Amino acid sequence: MTIGIIGSGAMGAGIAQVIAQAGHSVCLHDTNSAALQRASTSIQANLRKLSEKGKIKPEEAEAAIGRVRTCTDMDSFARCSLIIEAIVEDLAVKQASFRDIEAVVSDDCILASNTSSLSIASIAAACQKPERFIGIHFFNPAPLMQLVEVIPAVQTRPGLAEEIRDLVQSWGKLPVLTKDTPGFIVNRVARPFYGEAIRILEEGIADMATIDWAMTELGGFRMGPFTLMDFIGHDVNYRVTESVFTAFFFDPRFKPSFTQKRLFEAGYYGRKSGRGFYSYGPDAVPPEP
Ligand code: NAI
């Protein structure tokens, strides 16, 4: 089975690694050749590190690396049975992209989006065959995170969600079926987690490092909310908050914050840009509670 992935950023590269490790051939496409090169380098480095640590055999790492092909055009999507989209979190861009994809792929190719927050029905609506469309939502970093949300749209043909759930399970992941509602499960629960943390900061109740420390050391979370938002990227995280807020008809529970909006507008996306709530340059001072 050959699987196509469109978008080779943090998520596309991670998903490509998962799928190649599971034994499938992968066509990884991005319009940006530098992003493709970065993805290729990171997949190779991750797999070789796993083999150095003895988690996989060296020949397994090399075989998985050999299964990932990168390309700046979509021609190779013609032989794919499934396409997973992981491009920018923007409905119009995703819809336009699926129109282009449908012009290339075979009639029985399944189409999926890794969107964090957009309605699967609204992306499917742009397709000529919306019944073959579904959400497959991985978490960051995809090779490490077990959970995958599988989200059928109202248009999705009966049975497809179960087929995808079984496929995702065969990749060693833990899929959960969820309804097509804003933020699905995890990103809905996560909005107040981030939102309240930012409000606590804005109200001067505690600083970022203290809030992060309290949630990791005492709350048992792997990352505190500010570290996690910087890790996800404010370009992605802010857009998701805005999208969930709008999709819930402006319910104040999900209201975005100006503090995060300003980071997004300034291009302070977090780790990926070297600065977000925290700084990540070589001279950066690690935060202390
Ligand atoms: P990213 O910004 O790291 O990567 C996006 C990639 O898509 C870039 O390399 C860009 O060049 C490429 N791209 C943009 N438009 C394109 C087009 N029309 N055709 C081909 N390539 C195109 O973004 P990231 O973080 O990988 O997120 C991608 C998607 O995954 C978004 O929908 C996001 O909501 C979702 N997601 C993100 C998570 C995260 O923690 N970052 C977690 C789960 C889902």
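The model shown is predicted, which means the values in this text are computed figures rather than measured ones. (Residues numbered from 1 in each chain as written. Predicted model: local features only at pLDDT ≥ 70, side-chain atom pairs only at ≥ 80, totals over all residues.)

K.L.:
How should the environment of Arg-188 be read in this particular structure?
P.N.:
One can find Arg-188 in helix α7 (residues 186-202). Accessibility expressed as a C-beta count within 10 Å gives 18 for Arg-188, which makes it partly exposed. A sequence separation of 56 residues divides Arg-188 from Val-244, and the C-alpha atoms of the two residues are 7.6 Å apart. Ignoring anything within four residues of it in the chain, the contact list for Arg-188 reads Pro-182, Gly-183 and Val-244. (Helix = DSSP H or I, 4+ residues; strand = E, 2+ residues; numbered from the N terminus. Buried ≥ 20, exposed ≤ 12 C-beta atoms within 10 Å, placed from the backbone. Contact = placed C-beta atoms within 7 Å.)

K.L.:
In this structure, what is going on with the pairing of strand β7 (residues 147-152)? I would like to understand it.
P.N.:
Regular strands place side chains that alternate from one sheet face to the opposite one. Counting buried positions along β7 gives five out of six residues, so the element sits mostly inside the fold. Across four bridges, strand β6 (residues 133-137) lies against β7 in antiparallel orientation. Bridged to His-137 within β7 is Glu-149. In this sheet, strand β8 (residues 174-177) lies alongside β7 in parallel orientation, the contact comprising four bridges. Counted as the bridge partner of Glu-149 is Val-176 from β8. Handedness of the β7-helix α6 (residues 160-170)-β8 crossover: right-handed. (Pairing = 2+ DSSP bridges. Right-handed = clockwise from strand over helix to strand, strands pointing away.)

K.L.:
For this particular structure, what's the right way to read the sheet that holds β8?
P.N.:
In a beta sheet, neighbouring strands are held together by backbone hydrogen bonds and run either parallel or antiparallel to one another. Taking strand neighbours across the sheet as the criterion, the eight strands line up as β3-β2-β1-β4-β5-β6-β7-β8 in an open arrangement whose pairing is mixed. Whereas interior strands pair on both sides, the edge strands pair on one side only; in this sheet they are β3 (68-71) and β8. Strand-to-strand twist in this sheet, taken as the mean axis angle between neighbours without regard to direction, amounts to 25 degrees. Where strand β4 (residues 82-85) lies against strand β5 (residues 110-113), four bridges are found, and the strand directions are parallel. Bridge pairing links Ile-84 to Ala-112 in β5. Sheet strands in contact with helix α4 (residues 91-102) are β1 (2-6), β4 and β5, and its direction is about 160 degrees off that of β4. (Axes fitted to C-alpha atoms, helices over the stretch in contact; angles between N-to-C directions.)

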